[in-house]
Amino acid sequence: IPAAFSSTSPPPFLQAPLTNLLCRLAGFLDYNGIQKPDWLHVWTDWRGVGHRGEWGFPETPHPDDSRGPCPALNAMASHGILPSDGRGITPQRLIWAVSRTFNLSPTLAWRMVTLVEPLYRNRGQFDLEDLCAHGLLEHDASLLRPDFNSKEQMEDPTAQTHPWKDLIEALEVKLNREDFCTALTSRRIQCSNQNGQYYLNIAGQFFSSAKCSLVVDLRPLLGGTETIHFVGHARLERKLAGIEHMPLHRWQPCNRHYFGLTVCENMLSTILMEMGTGLTDKTK
């Protein structure tokens, strides 16, 4: 995770050559009183959240804050990387935030964001709760959320926006690829048997596998912990169960190279994940 930088304090050229040049361009425009485009503003301003694994303590969402079906995006809002209320998110800001937080290449982050393009096509922005639209980011047989047509969803209209303890408890703290394949297979069979409107096409299958291939250090990110946090000699006790947040110890993404996780690397991992996952008829 990069240290903080801005148009007046760019990162070292040898570490981030493109970002360094963009920051210098933004500084030149500022100096000459020329308004910067939105994409240039978001790509040249980073507060350093997560640098050296220091994420800060997450904020508890307010009742009227917007949250969606993606734990990673909800966690980013909890830490202020995305708007803490989860509203008014532009695609440029989302690409920038996802890329910086999880060390993904800009092309991979852009590819993931285009999956929800219908949500911001006319408005230019969206709220996290908009991601609950069935069949885009949200899909049946999710490991962490009930199906759209499930009994849980009918009883709780906000089912897609918060963690589900029983689904989290069904997963181990850390999972390898084989464990994820087994969990995906079991979940698809369960949902197809219980949901009369179950639908998961091949695109949804690969997307669910792609998400699993990116997951590390599971429970804090998924909202499954209750943590006691120490600051110096003061003991701050706050219940974090049900709040999706970054791990409070010194955590960083497992890939550390400067250019981030690439599309090709992610596609290979996704294909291997999906090839090992069974379908609803228990075949592979």
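Note that the structure is a prediction, hence the values are computed from the model and not measured.

Participant: It is not clear to me how the overall build of the chain should be interpreted in this structure. Could you clarify?
Facilitator: The helix and strand inventory of the chain stands at 12 helices and 2 strands. Burial status across the chain gives 47% buried among its 284 residues. About 15200 Å² of surface is accessible on the chain, with carbon and sulfur atoms providing 57% of the total.

Participant: Looking at this structure, how should I read helix α3 (residues 71-78)?
Facilitator: Residues that lie three or four places apart on an α-helix share one face, since the helix turns once every 3.6 residues. With respect to burial, α3 is a largely interior element, 8 of its 8 residues being buried. Just past α3, the residue G80 takes up positive phi, approximately 80°.

Participant: Help me understand the packing of aromatic side chains in this model?
Facilitator: To describe a pair of aromatic rings, you give the distance between the ring centres and the angle between the ring planes. Scanning all chains against the criterion turns up 2 aromatic pairs. Taking the centre distance of 5.6 Å and the plane angle of 80° together, the rings of W46 and W96 count as edge-to-face. One end of the pair, W46, is in the loop between α2 (38-43) and α3; the other, W96, is in helix α4 (residues 91-102), and 50 residues separate them in sequence. Looking at W46, the relative accessible area reads 3%, which means it is buried. You can call W96 buried: its relative accessible area is 7%.

Participant: Help me understand unusual backbone geometry in this model?
Facilitator: Positive phi values are uncommon outside glycine, yet R52 reaches one of about 60°. The topology assignment puts R52 in the loop between α2 and α3. For N103, which is not glycine, the phi torsion reads 55° and is therefore positive. N103 sits in the buried class, given a relative accessible area of 15%.

Participant: Before we go on, may I ask you to explain the nonpolar core in this structure?
Facilitator: Counting residues in hydrophobic clusters, the biggest one holds 37 residues, and the most contacted among them are L73, M76, L82, L94 and L131. Contributing elements (two or more residues each) for this core: α2, α3, α4, α5 (106-113) and α6 (117-120). At 6 residues, the largest contribution of residues to this core is made by α4. The contacts of L73, once residues within four sequence positions are left out, are L82, L94, V98, L128 and L131. Counting residues in hydrophobic clusters, the runner-up holds 6 residues, among them L143, L144, F180 and L184.

Participant: Sorry if this is basic, but what is going on with the side chain of E244 here?
Facilitator: Locating E244 in the fold gives a position in the loop between β2 (234-237) and α12 (263-275). On the basis of relative accessibility, which here comes to 4%, the residue E244 falls in the buried class. Among the polar contacts made by the side chain of E244, one reaches the side chain of N74 at a distance of 2.7 Å. Here R145 takes part through its side chain, which lies 2.8 Å from a polar atom of the side chain of E244.

Participant: When you look at the packing of α3 against α4 in this model, what are you seeing that I'm missing?
Facilitator: Two numbers describe a pair of packed helices, the interaxial angle and the distance between the axes. α4 packs onto α3 with a crossing angle of 90° between their chain directions and a minimal axis gap of 11 Å. Judged by the inter-axis angle, α3 sits roughly perpendicular to α4. On α4, the residues touching A72, L73 and M76 of α3 are L94, A97, V98, T101 and F102. Its residues assigned to classes, the contact of α3 with α4 comprises 7 nonpolar, 1 polar and no charged.

Participant: Looking at this structure, how should I read the pattern of salt bridges?
Facilitator: Side chains carrying opposite charge are able to pair once their charged atoms draw close together. This structure, assessed with the given rule, holds 6 salt bridges. Of the charged contacts, one joins R87 and D127 as a salt bridge, the two residues approaching to 3.2 Å between their closest N and O atoms. With R87 in the loop between α3 and α4 and D127 in the loop between α6 and α7 (151-155), the pair connects residues that are 40 residues apart, well separated along the chain. Close ionic contact of R121 with E117 constitutes a salt bridge, the shortest N to O distance being 2.9 Å.

Participant: Any chance you could explain the side chain of R67 here in plain terms?
Facilitator: Topologically, R67 is positioned in the loop between α2 and α3. Despite its burial, R67 remains without a salt bridge, the nearest opposite charge being carried by D65 at 4.5 Å. There is a polar contact of 3.0 Å between the side chain of R67 and the backbone oxygen of S84. Ignoring sequence-local partners within four residues, the contact set of R67 consists of P61, N74, A77, S78, S84, D85, G86, L128, E129 and T161.

Participant: Looking at this model, I keep getting lost on a nonpolar patch on the surface. Mind explaining?
Facilitator: A cluster of nonpolar side chains, I202, F206, M267, L268, I271, L272 and M275, forms an exposed patch at the surface whose accessible area comes to about 630 Å². Elements represented by at least two residues in the nonpolar patch include exactly α10 (202-213) and α12. Mapping I202 onto the fold places it in helix α10.

What counts as what
- Residues numbered from 1 in each chain as written.
- Predicted model: local features only at pLDDT ≥ 70, side-chain atom pairs only at ≥ 80, totals over all residues.
- Heavy atoms only, no water.
- Helix = DSSP H or I, 4+ residues; strand = E, 2+ residues; numbered from the N terminus.
- Buried < 20%, exposed > 50% of the residue type's maximum accessible area, 1.4 Å probe, protein only.
- Areas by Shrake-Rupley, 256 points an atom, 1.4 Å probe, with all protein chains shown as cover.
- Phe/Tyr/Trp six-rings, centres within 6.5 Å; stacked < 30°, edge-to-face > 60°.
- Core = buried A, V, L, I, M, F, W, Y, C linked by side-chain atoms within 4.5 Å.
- Contact = heavy atoms within 4.5 Å.
- Polar contact = N/O pair within 3.5 Å; in protein donor to acceptor, adjacent residues only side chain to side chain.
- Axes fitted to C-alpha atoms, helices over the stretch in contact; angles between N-to-C directions.
- Parallel < 35°, antiparallel > 145°, perpendicular 65-115°, else oblique.
- Nonpolar A, V, L, I, M, F, W, Y, C, P; charged D, E, K, R; others polar.
- Salt bridge = Lys/Arg side-chain N within 4 Å of Asp/Glu carboxyl O.
- Lys, Arg positive; Asp, Glu negative; His and termini not counted.
- Patch = residues over 30% accessible without salt bridge, like charges linked within 9 Å, V, L, I, M, F, W, Y side chains within 5 Å.

Functional significance is not addressed by these values, which are geometric in nature.
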